[in-house]
Amino acid sequence: MVMDAGERDGDGEDGGGENTGEDKGTKSPAVLVDEMVTMIEYVSRFGDYRRTQKKECYNLVRRLKIFLPFFDEIRHLGSPISPNGVASLYKLKKAIRLATKLLKTCNHGSKIYLAFEGEAIMIKFHTVYVKLTQALEELPFDELQVSDEVREQIQLMLTQLTRAKKRTDTQDIELAVDLMAVSSQTDERNADTAIVERIAKKLELHTVEDLKIETVAVQKLAKGRGGISESTQQQIIRLLNKFKQLLGMEITNILDDSSAPQMSGKSQSLVIPNEFLCPITLEIMRDPVIVASGQTFERESIQKWFDSNHRTCPKTRQTLAHLSVAPNYALKNLITQWCEKNNFHIPKKEDQASSKRFFVEDEDKIARLVKELSSSHLEVQRKAVKDIRLLSKENPEARVLIAKRGAIPRLVHLLSYPDSKIQEHAVTALLNLSIDESNKRLITDERAIPPIIEVLQHGSMETRENSAAALFSLSILDENKVTIALQDGIPPLVDLLRNGTVRGKRDAVTALFSLSLNHLNKVRAIEAGIVPPLLELLEDKNKGMVDEALSILLLLATVTEGRQEIGQLSFIENLVNLIRDGTPKNKECATSVLLELSSNNSSHILAALQFGVYEHLVRITESGTNRAQRKANALIQLMSKCEQIP
């Protein structure tokens, strides 16, 4: 039997030095209370949590703190506690220990792992809620002489826990889709710098120091006793390496060496003084500069920090009075003397400063290009919009500055131009600008969605593809999911899914997935004819969009119209074939769809059994991805309860 995800130890360690073994009733109530208080105080000192689980962690810690007044009253209880009362305290301690482990994982576990396994981590939270609820319901409050005030707090927490068990938080869909793209071996977007950059920003893996800490966390995860599937482990390492490539770090096999990665250019026997290292890159500084907080950084590194819209000191986190920097000549002289004395040569880097200086000096050019978007000369307009498209493609700072210079309303206006090239460049520039979160809102406020849909309907193929990608980016704002649908944006997306190029189909399926997260849009997509082209993607595996198609079909299966449309025998057989022969991700997605269909109609279970699904599900419970194992176990359990099965 596969261990439930909620019961596994997330990192192989207990919080606060807690023993993992059962205490077997050998400790006094006072000791039990002290240990529980220690665990709660331990997690209360955690400074922050991973972004993907931050809200859930803070809610759990807040609830655990409610126990402290309760434990204080038990400490001052004058009479002895019965064996049943002690047993209930042991059960409560076990639940708090499980919560402590989970919070510790979310505090300093691998950020990439927690993003990939968001659903599994949420199940662990739900397991903690169940354990805490069961323990609280068994506490003998009368015997423990709990005051009315504390009892009311505990009852309120029980209500909150019951509500939390039923809640399923909306995931970050842009992050989920981006992770799907970079994890795919067939998606040409898997090396898209903008997507990798966006994921790194969301996971707060910006600097060399961040990535070195993440490398250690991934090493620990791979060697932990809980373990992860081989496919998930490889996905995590591949994405970690993509982040490193963005910052020009050396790519090494992190599983071969448990030690922290060495910084290039250092002598193995020579220790560089810490004050010579940039706090951001941890590399010896070539051009040290002082910022307003008094801290010193490598000029290039701190400039990148500022260009990313940070207004704080990376080391002290205090808000800076200004962003001016001053050369630290004294430190530079010390570094030079030390290098000469120790015959140490600072590794030469490619001169990236020239491109950065070009950008800083080119603000006037950007202002000129934005002005030329309104030129009365067609060729001037065409060149200006093309240049803005190129500038905004991979430069985060350019996206911000172009928007600040007022380009967005002019670009939206150009979408209605009859010139096909201007249309193509304009919609693509808006797509590039929308990568910046604040620009999404600016583009929406300029009422860009209707003209983008118009271009999607009537533009050239490349223009239609980029229009679909732009609609996906804008649909990350929930209100835009409704706006796009009400402006009849779903039918042209379905048409692109049916008749577009491979790239067009991929852009369309991504946008339709995001839009289908809205309940009413599921029915709208079905009415627009989304199901047949999705089934074609399942049949044609060479297009590499099986997982994307299954992800949308899973959403459609949650509504009656979707189940009626896709619940045919041929589709069930196709699902079983994918469960048998597909990639690990194929199997995971196909099992999820079959579970959703079978939960509403037992005839789907019978059909799947006739196609031989049972033995394939058993294999998945033994060797599938973590999510696939959970879905396969749930499906097997559902089959065992089906009254129509002999």
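Since this is a predicted model, take the numbers as computed values, not measurements.

Notes on the environment of L556
(1) Moving on: Checked against the element boundaries, L556 lands in helix α28 (residues 546-556).
(2) Moving on: In this structure, L556 is in contact with K522, I526, I530, V531, L534, G562 and R563, ignoring residues within four places of it in sequence.

Digging into the packing of helix α18 (residues 407-414) against helix α19 (residues 420-433)
(1) Moving on: Viewed as axis vectors pointing N to C, α18 and α19 meet at an angle of 140°, and their least axial separation amounts to 8 Å. The handedness of the crossing between α18 and α19 is left-handed. On α19, the residues touching I408, L411, V412 and L414 of α18 are I422, Q423, A426, A429, L430 and L433.
(2) Moving on: Looking at the contact of α18 with α19 residue by residue, the classes come out as 9 nonpolar, 1 polar and no charged.

Considering the pattern of salt bridges
(1) Moving on: Counted by the stated rule, this structure contains 26 salt bridges.
(2) Moving on: The closest approach of N and O atoms between E300 and K304, which form a salt bridge, is 3.7 Å. Separated by 4 residues within a single helix, E300 and K304 lie in helix α12 (residues 299-307), roughly one turn from each other.
(3) Moving on: Given the relative accessible area of 38%, K304 is considered partly exposed.

Details of the packing of aromatic side chains
Geometrically, a pair of aromatic rings is defined through the distance of the ring centres and the angle of the planes.
(1) Moving on: Counted under the stated rule, the structure contains 6 aromatic pairs.
(2) Moving on: Aromatic side chains F125 and Y129 sit 6.4 Å apart centroid to centroid with 40° between the ring planes, which places their arrangement in the tilted category. Of this pair, F125 and Y129 both sit in helix α6 (residues 118-138), separated by 4 residues, roughly a single helical turn. This pair shows no difference in class: F125 is buried, exactly as Y129 is.
(3) Moving on: With a centroid separation of 5.9 Å and 75° between ring planes, the pair formed by F276 and W338 is classed as edge-to-face. Linking F276 in the loop between α11 (230-246) and β1 (288-290) with W338 in helix α13 (residues 329-341), this pair joins segments that are 62 residues apart in sequence.
(4) Moving on: You can call F276 buried: its relative accessible area is 6%.
(5) Moving on: Site record: aromatic cluster; members linked through ring pairs are F67, F70, F71 and F141.
(6) Moving on: Between the NZ or CZ atom of R63 and the centre of the ring of Y129, over which it lies, the distance is 5.8 Å.

Considering the confidence of the model for the protein
(1) Moving on: For the protein, per-residue confidence averages 81 on the pLDDT scale, and 86% of positions sit at 70 or higher.
(2) Moving on: Taken element by element, the protein is modelled with least confidence in helix α14 (residues 353-361), mean pLDDT 44, and with most confidence in helix α24 (residues 490-499), mean pLDDT 95.
(3) Moving on: Across residues 1-25, confidence stays below pLDDT 50; counting only partners more than four residues off in sequence or on other chains, it has 55 contacts.
(4) Moving on: The low-confidence segment residues 350-360, where pLDDT is below 50, has 12 contacts with residues more than four positions distant or belonging to other chains.

Digging into the nonpolar core
(1) Moving on: The biggest cluster of nonpolar side chains holds 94 residues, and the ones touching the most others in it are L411, I530, L534 and L550.
(2) Moving on: The contact partners of I530, leaving out residues within four places of it in the chain, are V494, L497, L512, A525, I552 and L556.
(3) Moving on: Listed in part, the 75 residues of the second largest apolar core include Y49, L158, A164 and V218.

About the criteria used
Residues numbered from 1 in each chain as written. Predicted model: local features only at pLDDT ≥ 70, side-chain atom pairs only at ≥ 80, totals over all residues. Heavy atoms only, no water. Helix = DSSP H or I, 4+ residues; strand = E, 2+ residues; numbered from the N terminus. Contact = heavy atoms within 4.5 Å. Axes fitted to C-alpha atoms, helices over the stretch in contact; angles between N-to-C directions. Left-handed = near helix turned anticlockwise from the far one by under 90°. Nonpolar A, V, L, I, M, F, W, Y, C, P; charged D, E, K, R; others polar. Salt bridge = Lys/Arg side-chain N within 4 Å of Asp/Glu carboxyl O. Buried < 20%, exposed > 50% of the residue type's maximum accessible area, 1.4 Å probe, protein only. Phe/Tyr/Trp six-rings, centres within 6.5 Å; stacked < 30°, edge-to-face > 60°. Lys NZ or Arg CZ within 6 Å of the ring centre and 35° of its normal. pLDDT = per-residue confidence, 0-100. Core = buried A, V, L, I, M, F, W, Y, C linked by side-chain atoms within 4.5 Å.

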